[in-house]
Amino acid sequence: MAGSDIEARPKQKVDRREEPTRPGTFFVPAVDIFETPEELVLVGDMPGVPPDAVDIDLEGDQLTVEGRVRPEEYEGLKPLHVEYGVGGYHRRFTLGEMIDRENIKAQMKNGVLVLRLPKAQHARARRISVQTA
Amino acid sequence: MGFAYRDPFQELQRELDRMLEGAFGSVGTAGSLYPPVNVFDAGDAFVVKAEVPGVEPEKIDIQVENETLTLRGERAFTEPNQQAAYHRRERGAGQFRRVVRLPGRLSADDAKADYRDGVLTVRISKAKETRPRRVQIQAGS
C-alpha cells in the first residue's frame, strides 16, 4: 500500500499558562511564517474553523490568533475510533517588526488562515543602490 | 444537590481525549498516518471525519469498497516568492493516500461526502445486516 508524503503531526493542546479567552479544548495550530522585504506572512492550519470564527489581535508586539469550531457538526455522533482531538485553536506570537496595523489582511479558506502583516514604512529595509560614475 | 449544566460538545471533547490517550498513551505520539481520521457511529451510518486543511475539495478522491474507505489527494505547497525567508515551517505538503477500515459492512452506493473549512466528512450507510434493528418481543401464548 502506497502511503502518504505527508506525516500527520499530533495536535498539541494549548499550554495551561496561556489560556484562550473561551472555555473548551484548544490546540496549537501548525504554522508557516515567512518574511519578505515588505511583509510578514503567517499561514496557519485551523481545520474546522469557519471564516467568521477567527479572532486576530495585535497588542504591542504580541499577535494572538484564535479560532473556534462548530460543535453542531458532532451532534448525534458517537466516537468509535479517534486519531485527533476536536476543539478551537489558539497561538500567540511575538513580532520582531513594526507592523502597519491599518493594512493587515486576513483570509480564511478551506480551514487555512493567511495573515499578511505589512511592515511599517520606517521599518522596511531600504535598498541603496550605488551609482557608478 | 444542584444541577450541573453539561455542554454536550465539551463532553464529546473529553471523550475524544480519553480515547486518544487510551490509544496512544498521554505522550501524544499518535500514528503519523495522514490525514488523521476520526470514525463515528451515527446509528444507521458511519461518519468519518478527516482533517485536510488547504486541500481543494475537487482534488480529493474518495472510494468506498466492502468495509474500507480510501482517501486520496494532494496538499499543494504554495511557494512564496524568492525573496521570502522562512521563520517557521510546520505545515506539510505532498500527496496522501489513506485507507480506513470501518467496523462493519457498508452500503457503498449510499455514501455522501462534504468538505467544509478543511474538514472532510464522509457519511456511509451501513449495510442492511449491520444496522441496528429493533426486535419485537413476541407475546407468549
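Data block above holds the structure.
The rules behind these values
- Residues numbered from 1 in each chain as written.
- Chains lettered and ligands numbered in written order.
- Predicted model: local features only at pLDDT ≥ 70, side-chain atom pairs only at ≥ 80, totals over all residues.
- Helix = DSSP H or I, 4+ residues; strand = E, 2+ residues; numbered from the N terminus.
- Buried ≥ 20, exposed ≤ 12 C-beta atoms within 10 Å, placed from the backbone.
- Contact = placed C-beta atoms within 7 Å.
- Nonpolar A, V, L, I, M, F, W, Y, C, P; charged D, E, K, R; others polar.
- Pairing = 2+ DSSP bridges.
- Axes fitted to C-alpha atoms, helices over the stretch in contact; angles between N-to-C directions.

## Remarks on the overall build of chain B
And then number 1: Looking only at helices and strands, chain B features one helix and eight strands.
And then number 2: Taken from the N to the C terminus, the helices and strands of chain B come in the order α-β-β-β-β-β-β-β-β.
And then number 3: For chain B, the residues scored as buried account for 27% of the 141 residues in total.
And then number 4: Taking contacts inside chain B between residues at least 6 apart in sequence as the whole, the part at least 24 apart equals 55%.

## Points about the interface of chain B and chain A
And then number 1: The interface is formed by 54 residues belonging to chain B together with 45 residues belonging to chain A.
And then number 2: Of all elements in the fold, only α1 (8–24), β1 (37–41), β2 (45–51), β5 (85–89) and β6 (94–101) of chain B reach the threshold of two or more residues within the side of chain B that touches chain A.
And then number 3: With ten residues, α1 of chain B is the single largest residue contributor to the side of chain B that touches chain A.
And then number 4: Partitioned by chemical class, the residues of the side of chain B that touches chain A number 27 nonpolar, 15 polar and twelve charged.
And then number 5: The sheet contact formed by strand β2 (residues 31–35) of chain A and β5 of chain B spans four bridges and is antiparallel. Following the sheet pairing, I33 of chain A is matched in β5 of chain B by R88 of chain B.

## Focus on the sheet that holds strand β3 (residues 61–65) of chain B
Residue and element names in this part refer to chain B.
And then number 1: Pairing within the open sheet is antiparallel, and its three strands lie in the order β3-β4-β6. This sheet does not close on itself; its edge strands, each paired only once, are β3 and β6. Shown here is a sheet whose adjacent strand axes are inclined to one another by a mean of 10°, direction ignored.
And then number 2: Relative to strand β4 (residues 68–75), β3 is paired through five bridges, and the arrangement is antiparallel. Bridging from a neighbouring strand, E65 pairs with T68 of β4.

## Some details on the pairing of strand β8 (residues 105–109) of chain A
And then number 1: Pairing geometry for β8 of chain A and strand β9 (residues 112–118) of chain A, over five bridges, is antiparallel. Note that in β9 of chain A the partner of M108 of chain A across the bridge is L113 of chain A.

## What about the sheet that holds β9 of chain A?
And then number 1: The strand order across the open sheet formed by five strands is β8(A)-β9(A)-β3(A)-β2(A)-β5(B), and the pairing between neighbours is antiparallel. Each edge of the open sheet carries a strand with a single partner, namely β8 of chain A together with β5 of chain B. Between one strand and the next, the sheet's axes are offset by a mean angle of 10°, whatever the strand orientation.

## Brief notes about the environment of V100 of chain B
All names here are of chain B.
And then number 1: Tracing the chain through its elements places V100 in strand β6.
And then number 2: Classification of V100 by C-beta neighbours within 10 Å gives buried; the count is 20.
And then number 3: The residues touching V100, leaving out its near neighbours within four places in the chain, are V37, V39, V48, T68 and L69.

## Topic: unusual backbone geometry
And then number 1: The omega angle of the peptide bond from Y34 of chain B to P35 of chain B is -5°, so this bond is cis rather than trans.
And then number 2: Mapped onto the secondary structure, P35 of chain B falls in the loop between α1 and β1.
And then number 3: Despite not being glycine, N110 of chain A shows a phi value in the positive range, around 50°.
And then number 4: Topologically, N110 of chain A is positioned in the loop between β8 and β9.
And then number 5: Judged by the 17 C-beta atoms lying within 10 Å of it, N110 of chain A falls in the partly exposed class.
And then number 6: Phi at N66 of chain B is positive, roughly 50°, even though this residue is not glycine.
And then number 7: Among the structural elements, N66 of chain B can be located in the loop between β3 and β4.

## A word on the pairing of strand β3 (residues 39–45) of chain A
Moving residue by residue along a regular strand, the side chains alternate between the two faces of the sheet.
Residue and element names in this part refer to chain A.
And then number 1: Within β3, seven of the seven residues are buried, which leaves it mostly tucked inside the rest of the structure.
And then number 2: Along β3, one buried face is formed by E39, V41, V43 and D45 and the opposite face, lined by L40, L42 and G44, is buried too.
And then number 3: Note that β2 and β3 share five bridges and pair antiparallel. The partner of E35 across the bridge, within β3, is L40.
And then number 4: Examined bridge by bridge, β3 and β9 share seven bridges and lie antiparallel to one another. For L42, the partnering residue across the bridge sits in β9 and is L115.

## Some thoughts on the environment of D52 of chain A
All names here are of chain A.
And then number 1: In this structure, D52 sits in the loop between β3 and β4 (54–59).
And then number 2: What makes D52 exposed here is the crowd of 7 C-beta atoms within 10 Å.
And then number 3: Once the C-alpha coordinates of D52 and G67 are considered, the two residues, 15 residues apart in sequence, prove to be 9.0 Å apart.

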